[in-house]
Amino acid sequence: MQYRPNWGLPGWPDGDQTAGPVLGFSKSNISQGDTTEAVIIPLFAEQVPQWWEVGPGDAVRMYEGSRICGVATILWVDRTALTLTDAEAERLLQRLGAE
């Protein structure tokens, strides 16, 4: 996983968050205000079943500590386990429009 932010799911109050590491981004050197695609893997999906309610078009808030540092709009959902095989990770990363 390249980055380990927390996420505020749709309908959750500001500040409520759960873990969802980023498997990869479609570009490197992301600056404030940039737009990129990413693959997010929920860390505790079994304990936080609201992850399974997130779908295309939903917005999730990205947190670093208590600070919102980004917003992600969900483009697609593909259920997978957190422990990925190399082949599964590659399959998911191929969905990114890598630059």
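Residues numbered from 1 in each chain as written. Predicted model: local features only at pLDDT ≥ 70, side-chain atom pairs only at ≥ 80, totals over all residues. Heavy atoms only, no water.

Participant: Explain the overall build of the protein residue by residue, including any values.
Facilitator: Counting its secondary structure elements, the protein contains one helix and six strands. Put simply, the protein runs from its N terminus to its C terminus through helices and strands in the order β-β-β-β-β-β-α. A compact globule built from 99 residues should have a C-alpha radius of gyration of about 13 Å, and the protein, at 13 Å, falls within 12% of that. Taken across its 99 residues, the protein has 34% of its residues classed as buried. Taking the contacts inside the protein whose residues are at least 6 apart along the sequence as the reference set, 46% of them involve residues at least 24 apart. For the protein, the computed accessible surface area is about 6,300 Å², with 48% contributed by carbon and sulfur atoms. Averaging the positions of the 7 positive and the 13 negative side-chain charges in the protein gives two centres separated by 1 Å. (Helix = DSSP H or I, 4+ residues; strand = E, 2+ residues; numbered from the N terminus. Rg over C-alpha atoms; globule rule 2.2 N^0.38 Å. Buried < 20%, exposed > 50% of the residue type's maximum accessible area, 1.4 Å probe, protein only. Contact = heavy atoms within 4.5 Å. Areas by Shrake-Rupley, 256 points an atom, 1.4 Å probe, with all protein chains shown as cover. Lys, Arg positive; Asp, Glu negative; His and termini not counted. Charge placed at Lys NZ, Arg CZ, Asp CG, Glu CD.)

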